[in-house]
Structure formats: structure tokens, C-alpha cells
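# Structural characterization, general
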Amino acid sequence: MGAMATSWRLLVSGLADGPRNMAIDEAVLQAVGEGGSPPTLRLYAWQPACLSLGYSQQAAVVDQTVLADQGWGLVRRPTGGRALLHADELTYAIIGPIDHPALAGGVLDSYRRLSAGLVAALDRLGARADPPTGGTLSPEERANPVCFEVPSAYEITIGGRKLVGSAQLRRVRAVLQHGSLPLRGDITRVVRALRFDSPDARRAASERLARHATTLEDVLGRPVGWEEVAQAMTTGFAGALALEWIEGGLSTREMDLAARLEELRRRDPLHALRIPGEVAW
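Structure report, in brief. (Residues numbered from 1 in each chain as written. Predicted model: local features only at pLDDT ≥ 70, side-chain atom pairs only at ≥ 80, totals over all residues. Heavy atoms only, no water.)

### Comments concerning the pattern of salt bridges
Spelled out, the test is: Whenever a carboxyl oxygen of Asp or Glu lies within 4 Å of a side-chain nitrogen of Lys or Arg, that contact is scored as a salt bridge. Secondary structure elements follow DSSP: runs of H or I no shorter than four residues count as helices, runs of E no shorter than two count as strands, and numbering proceeds from the N terminus.
The final tally for this structure, using the stated rule, is 15 salt bridges. Of the charged contacts in the structure, one is a salt bridge between R266 and D17, with a shortest N-O distance of 2.9 Å. On the criterion of sequence distance, the pair formed by R266 in helix α8 (residues 252–267) and D17 in the loop between β1 (6–16) and α1 (18–34) is long-range, its members being 249 residues apart. Through salt bridges with shared partners, one network takes in D17, R20, E262 and R266.

### Looking at the environment of R9
Note the following rule: Think of a polar contact as two N or O atoms within 3.5 Å of one another; within protein, one of them needs to be a possible hydrogen donor and the other a possible acceptor, and neighboring residues in sequence only count if both atoms come from side chains.
Examined against the element boundaries, R9 turns out to sit in strand β1. In sequence terms R9 and G249 are 240 residues apart; their C-alpha atoms lie 8.4 Å from each other. Here the side chain of R9 touches G249 through a polar contact of 3.1 Å, landing on its backbone oxygen.

### Examining the sheet that holds strand β4 (residues 73–76)
Counted only if it meets this: We call two strands paired when DSSP finds no fewer than two bridges between them. Where helices are involved, their axes are fitted lines through C-alpha atoms of the stretch in contact, as for all axes, and angles between N-to-C directions lie from 0 to 180°.
Strand order in the open sheet made by the three strands is β4-β3-β5, with mixed pairing throughout. A strand with exactly one partner marks an edge of an open sheet, and here the two such strands are β4 and β5 (84–86). Across the sheet, the mean angle from the axis of one strand to that of its neighbour is 25°, orientation sign disregarded. Relative to β4, strand β3 (residues 50–53) runs parallel, the two being bridged by four bridges. Bridge pairing links L51 to L74 in β4.

This is the structure:
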């Protein structure tokens, strides 16, 4: 990387459950906003599989019986968006100061810049993404409880099918954008965990999702390992955003914050702290 590259921390976190993963993202966001931690790319995965809801999504969409039967977790994201089942995926989190060139200018501006890193990562894997476009969702599309059925602005599709879903939280001093890249498996599993008015409505939602979303294995026609995708992500973001990585771990401050936030989520899986002036997208 050239002399003009900006140094960011790289956190490769591995597996954790829903409360732990969301607590770490939010702890790093708070520490970065305080100026005590560097801008960060965090890569992680989920165990057990976990249904996450967007910040404003109603809990009534969740079928708790199915979650218990499947052994899936439940958590609320601090970001916006709709329901996601995190299983067999790589999740990325970009966390940095709100005035950093990659994140400045507003939600859509930063989505556009960060999407270039995702496209570059997929290109390294042999997956040629459609050109990301800005746009807005209709009220009907926003009401859809399933995240991967409809792409939002600058989200990543291949052959018109959504591959990477992302969401963002902007605070006064810092920004968190995290996103999900399904590596393999049944992309329609999330439908099992959501309530529908009838079996026909559930079946129709599953069929729509199968048409409109995909996994990396389906795109490439071969199995792909988490480590291979993580390497492509770090290289793709570094090249697209002129970054260089310093591998590191959580600071003492971040570990303390994460422990407190994790405890809140273990008491209430749908807990989400809202701070005045922040925007979830």
C-alpha cells in the first residue's frame, strides 16, 4: 500500500453468538466515537445461527417457537433494516469517525464508497457483481420483513440477485456499517423464523426470496471457505479505500463496554440503546 494509505485496525473475531457480536460492534463504535480507538474493520461469524432484527423492526414478526426448535438465537441490531438469519456467513463491520473520507457526507455517500470495497472483494473471489446503484424502496418494499428479498441503495447483487446485505448507524462522531455475506446453505431459512398470515403466504415469501437472493457458493459454483473470503474482504477494502491494516484486538475499554452491553442483551435479546441525534439505516 502506498504512502498515502490510512492505517486502520483489523479485528478478526471468529465465532460468537448474537448478543456478543452486537455488543462488540457497539462497543467499538462507542470507543471510536470517544477517540480512544482507531477506525476498524471487524470480520466475524455466528454460532449458533441467529435471527437479527433491524433497530425499528417489531418483535411480533418473530416465531419464537421455531427459534427454540431450531436452536437459533435472537438479537436486535443497532442498525436499521429487516430480519436476517446469520448462518454460514461472513459478517463485516466498518467502524470509523464520521469525518473519515470513506464515511463522510451522509448515508448514501458512504454506502457508495464502501460498496466499492465489497465489489473488489467479490471480484478477487471470481464473483463479478452488478454495478451498485443508489435508489429508494417503496413503502411496500420497506414493509417486507425479510432483509435479503429486496436490495437497498448500493447493496450488492449478482445477476439481479442480492448477495450482500448491509445496514448503517450514524452517531455524532462515528459510523458503524455492518453487512452479511452468505457463503452457503439455504438462503430461505429465515422465512421459517418469521410469522405469516397463512402457510400460503409463508411459501410465497420463501419462493420470492429464492428468486431474489443467493449465496456465494451458488454464484461461484464451488465451496468457499470463511478464511478465503476474509482475505478477499481485507484486500478489497484496502484497495478501494486506500487503507492499510494493523492487526489488533479489543482494548480494555472496548472489552469492558462489550461486557456491559452483552449483559443487557442477554437479559433482553431485543435491547437496543438509542442515542439522540443518531440515524439507523
